[in-house]
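Secondary and tertiary structure notes
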Amino acid sequence: MMSASLSIWGWGSLGIVLFLITFGPFVIFYLTFYILCFVGGGLVVTLLFGKTNSEKYLEQCEHSFLPPTSTGVPKCLEEMKREARTIKIDRRLTGANIIDEPLQQVIQFSLRDYVQYWYYTLSDDESFLLEIRQTLQNALIQFATRSKEIDWQPYFTTRIVDDFGTHLRVFRKAQQKITEKDDQAKGTAEDLVDTFFEVEVEMEKEVCRDLVCTSPKDEEGFLRDLCEVLLYLLLPPGDFQNKIMRYFVREILARGILLPLINQLSDPDYINQYVIWMIRDSNCNYEAFMNIIKLSDNIGELEAVRDKAAEELQYLRSLDTAGDDINTIKNQINSLLFVKKVCDSRIQRLQSGKEINTVKLAANFGKLCTVPLDSILVDNVALQFFMDYMQQTGGQAHLFFWMTVEGYRVTAQQQLEVLLSRQRDGKHQTNQTKGLLRAAAVGIYEQYLSEKASPRVTVDDYLVAKLADTLNHEDPTPEIFDDIQRKVYELMLRDERFYPSFRQNALYVRMLAELDMLKDPSFRGSDDGDGESFNGSPTGSINLSLDDLSNVSSDDSVQLHAYISDTGVCNDHGKTYALYAITVHRRNLNSEEMWKTYRRYSDFHDFHMRITEQFESLSSILKLPGKKTFNNMDRDFLEKRKKDLNAYLQLLLAPEMMKASPALAHYVYDFLENKAYSKGKGDFARKMDTFVNPLRNSMRNVSNAVKSLPDSLAEGMTKMSDNMGKMSERLGQDIKQSFFKVPPLIPKTDSDPEHRRVAAQLDDNVDDNIPLRVMLLLMDEVFDLKERNQWLRRNIKNLLQQLIRATYGDTINRKIVDHVDWMTSPEQVADSVKRFRDAFWPNGILAETVPCRDKSIRMRTRVAGKTKLLAIMPDELKHIIGAETTRKGILRVFEMFQHNQLNRRMVYVFLEGFLETLFPQYKFRDLFNKLHSRSKQMQKYKQKLQTTQAPSLQKR
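Residues numbered from 1 in each chain as written. Predicted model: local features only at pLDDT ≥ 70, side-chain atom pairs only at ≥ 80, totals over all residues. Heavy atoms only, no water.

Within an unreviewed UniProt entry, the label attached to the protein chain reads Sorting nexin-13, and the organism entered is Saimiri boliviensis boliviensis. Word for word, the UniProt comment on the protein chain under Sequence similarities (unreviewed entry) is "Belongs to the sorting nexin family." Under the UniProt heading Subcellular location (unreviewed entry), the note attached to the protein chain is "Early endosome membrane". (UniProt positions renumbered as here; feature names shortened; annotations may be inferred.)

Printed below as a string of structure tokens:
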């Protein structure tokens, strides 16, 4: 046993040694690897064999439990695959090829980006996509057919204006409610939105769109319901009953087209950019920009402008310049420093809560421009405030008498001219004309001067007796009331109850604001030193404080000297003109300033016309050299013109001239400021001045009827007596009605006109003139003229009527109808479809989501938009309704567009009006009322009505 065991171990060891010698030392690892591979391969083969057998077994088990398949189903599937049914789609939609082509592209892009990208993962069958396309085309065909049958003129000329005016009225009333709250804290944007919809339900009474505009979920539901109704009206019954198809089309319209479009149209930043683009040809001026900065109550806007100014300052200071460029750089740096300083001051004031009312501050400050009484009486805006003040003090009879006599004089002069011209033609109507003039004069006497007059104008008795004797024994003349009118004027001028007290009243300050003669005294300078002006002059310069300048004329220690130091020739866009460099010196006891400004001859001409219109006595003293075309100009002529203009300036700045007309200083300093000269009136405005003047205008309307006497004597005398016999009474009643609460354009109703739609307030007596109706609606709501003196509002109406007739005559209605037809023409519709296509699918690719622009950029866009709007407002409009009213109206409209929820409401209102016009036979109004019935504001309003009506029912 022992020997056998040894032999086994020996032979085993020998075998191992020989094995290692033969195969090497790593044979053990190879052997181990081979064994493992053998075992793993066996396991894999076993698993694959088991898996195959298991699948066969499970398949046999599954078929054993299912019922046998009908032979009809496989046969139908085979037949469907065998016949390749083709769906032919007619590409004609509207009948106009220029519209159908972009529409087809819109349909194709919509299906590609909203359906195909997920449908092809389920099936490759094209029939479903073709069916959807056919359904969309059927809807568009029905829509196009309906559009051709509708007269769109009332919608574009009346309905849209009414909706916009009503939207603006609701916004204005919401602002008033926020202002009237007792809380000292300023209302937030959310408060304004809530208040807006409260006012909307009070005005509409049957509908409120707060849920649709404030809740995204409710908005999507509203659009789905609306699209489903439209599909019901536009699709054939068979297509509409196909629920799958209907739901697909509904989602494409609601979520893919309408919702993105509404989101874009209601975005305030998009609207601001669009406003800037619309008036891109208008250049911003620094006065409008600084007014916006000083009036801004949004800290975000001020910070954005300040940061941009600081950024530009860093860039300008980093420039390495020399020579002439250094002066330009310094001026730009000074301008930016001034803008930055104004922004910092405004931000600090808003953050501290010490907001200053400019009008109140100016009233307490005491340094105001002086407007003579004669200028007030001939200015449309100023007269309104003086009229209000005279009514408060009980002196309205004197002002009414002065205005009535002024109108009588104009009419009497024109009638006598007509009488003389008819006498030359051999027509004699002397007795009748004089009789009518006597009747008008007696009417004025009885209304204001007789013992029975109430109220009675108090003048010397001997003047009244002299007038009565003249009326009884002599023929009336246009100058018959001159003596008494002169006494009344002096009474209003010198009596402490009237003009002197009016200058100390808040109404006078408001008048200056409307005349744009009131500047913010809070920007006179800061406590930390002198600031720089916007154009690089120091703080004491004339463009910072108009109050200082307007009082220079009364200060003998201040001297102003100006002369033309150089002349040159400029070429601008192909137009060649002469340019005059004016050097201005201003000296006072403590300092001396000097600056240069540049003016054209047209600037001198406009300035001369402006001051001669305001100060008639200057027309005989100041003579401006005549205009000459540049083609005939040479150096000698320019030197002669320079000499003549220098003589003009020296005469204008003479101390005697300034003392004789103290109010002239305002116009002189405005002309000599170191800035672009803003012309007071254009040529068109001068031609229309007769319309702006309310006194001569109202009387000229009466006398024009007399001028156009018919050939028939009886008819002529009847017409003449109707106008002249009622002239005195009409003037008095016209002026007195200016203080009535009910405007003349609004019929008397039991309900408050302010709580109704705008279009419901037009009187039937107003001319059926589309432009007049539109302009009245917009003027009333944008500038809030209903709150103004109704005498002014009536004259604005007369101005618009005559402006329209004088400008376009009877053709303006046709022009507007033609414009509406042009807007709805195939070419314009095709252009709109192309713009829609290019906006959503630029270059045929679905537009990416527009990244949200930085807040500072959006804030600067707001400032730029407001500046643009304020800069394009014509001076003619400011002369009619006042500069402050114009500014507030424009800024109110701009502020209305800065709220996304309110913009959505306006878009939906336009959409509802569009559908009501497109489908007049269906009750879309009732449908919209039902869709908006879940409104919380509507439910509160109904509960409030029930609460207020319950006590009255119990009493009954």
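Still more ground to cover, so stick around.
Attention shifts here to the overall build of the protein chain. Of the regular secondary structure elements, the protein chain holds 44 helices and 3 strands. A burial count over the protein chain gives 44% of its 956 residues as buried. Taking contacts inside the protein chain between residues at least 6 apart in sequence as the whole, the part at least 24 apart equals 74%. (Helix = DSSP H or I, 4+ residues; strand = E, 2+ residues; numbered from the N terminus. Buried < 20%, exposed > 50% of the residue type's maximum accessible area, 1.4 Å probe, protein only. Contact = heavy atoms within 4.5 Å.)

A word on the pattern of salt bridges. Applying the stated criterion to the full structure yields 36 salt bridges. Of the charged contacts in the structure, one is a salt bridge between Glu-916 and Arg-159, with a shortest N-O distance of 3.4 Å. Within this pair, whereas Glu-916 is found in helix α42 (residues 900-918), its partner Arg-159 is found in helix α6 (residues 153-180), the two being separated by 757 residues in sequence. Using a relative accessible area of 21% as the deciding quantity, one classes Arg-159 as partly exposed. Among the charged side chains, a network of salt bridges with common partners joins Glu-220, Arg-224, Glu-228, Arg-246, Arg-250, Glu-251 and Arg-255. (Salt bridge = Lys/Arg side-chain N within 4 Å of Asp/Glu carboxyl O.)

Taken as a whole, helix α12 (residues 268-278) has its buried residues at Pro-268, Asp-269, Ile-271, Asn-272 and Val-275. In an axial view of α12, the angular spread of the buried residues amounts to 160°, which keeps them on one side of the axis. Here the buried face of α12 lies against α11 (243-265), α39 (855-872), α41 (883-896) and α42. (Arc of directions from axis to C-beta.)

If you trace the backbone, Arg-172 turns up in helix α6. For Arg-172, a relative accessible area of 2% corresponds to the buried category. When the C-alpha atoms of Arg-172 and Glu-781 are compared, they prove to be 8.5 Å apart, with 609 residues separating the residues in sequence.

On to helix α7 (residues 189-204). End to end, α7 covers 22 Å across 16 residues, agreeing with the expected 22 Å (1.5 Å per residue, within 8%). Among all positions of α7, only Leu-192, Val-193, Thr-195, Phe-196, Phe-197, Val-199, Glu-200, Val-201, Glu-202, Met-203 and Glu-204 are buried. Residue Lys-205 follows α7 closely and has a positive phi angle near 70°. (Expected span 1.5 Å × (residues − 1).)

One finds Ile-132, Phe-783, Phe-919 and Phe-924 to be the most contacted residues of the largest nonpolar core, which totals 84 residues. Not counting chain neighbours up to four residues away, the residues in contact with Ile-132 comprise Leu-111, Val-115, Met-245, Phe-248 and Val-249. Of all hydrophobic cores here, the second largest spans 51 residues; its members include Ala-382, Phe-385, Met-403 and Ala-468. (Core = buried A, V, L, I, M, F, W, Y, C linked by side-chain atoms within 4.5 Å.)

As a further point, take unusual backbone geometry. With phi around 70°, Lys-205 is a residue other than glycine that occupies positive phi space. With a relative accessible area of 41%, Lys-205 lands in the partly exposed category. A positive phi angle is found at Asn-843, which is not glycine, with a value near 60°.

What follows deals with the packing of α6 against α7. Where α6 meets α7, the closest approach of the two axes is 8 Å, and the angle between their N-to-C directions is 125°. Comparing the axis directions of α6 and α7 gives the class oblique. In the packing of α6 onto α7, the handedness of the crossing is right-handed. In contact with Thr-166, His-167, Arg-169, Val-170, Phe-171, Lys-173, Ala-174, Gln-175, Lys-177 and Ile-178 of α6, α7 contributes Asp-191, Leu-192, Thr-195, Phe-196, Val-199, Glu-200, Glu-202, Met-203 and Glu-204. (Axes fitted to C-alpha atoms, helices over the stretch in contact; angles between N-to-C directions. Parallel < 35°, antiparallel > 145°, perpendicular 65-115°, else oblique. Left-handed = near helix turned anticlockwise from the far one by under 90°.)

Time to look at the side chain of Thr-867. Of note, Thr-867 is situated in helix α39. Among the residues examined, Thr-867 registers a relative accessible area of 2% and is labelled buried. Apart from residues lying up to four places away in sequence, Thr-867 is in contact with Cys-284, Asn-285, Ala-288, Phe-289 and Ile-292.

Aromatic rings considered in pairs are described by the distance between their centres and by the relative angle of their planes. Summed over all chains, the structure comprises 35 aromatic pairs. Residues Trp-118 and Phe-248 carry aromatic rings whose centres are separated by 5.2 Å and whose planes lie at 20° to one another, so their mutual orientation is stacked. You can see Trp-118 sitting in helix α4 (residues 97-119) and its partner Phe-248 sitting in helix α11, a full 130 residues away along the chain. With 6.3 Å between their ring centres and 80° between their planes, Phe-401 and Phe-481 make a pair best called edge-to-face. One end of the pair, Phe-401, is in helix α19 (residues 396-424); the other, Phe-481, is in the loop between α21 (461-473) and α22 (482-494), and 80 residues separate them in sequence. Classification of Phe-401 by relative accessible area gives buried; the value is 0%. For Phe-481, a relative accessible area of 0% puts it in the buried group. We note Arg-599 situated over the ring of Phe-671; from NZ or CZ to the ring centre the distance is 5.5 Å. (Phe/Tyr/Trp six-rings, centres within 6.5 Å; stacked < 30°, edge-to-face > 60°. Lys NZ or Arg CZ within 6 Å of the ring centre and 35° of its normal.)

Take the environment of Ile-621 next. Structurally, Ile-621 can be placed in the loop between α26 (601-614) and α27 (635-652). Expressed as a C-alpha distance, the spacing of Ile-621 and Met-657, which sit 36 residues apart in the sequence, is 9.7 Å.

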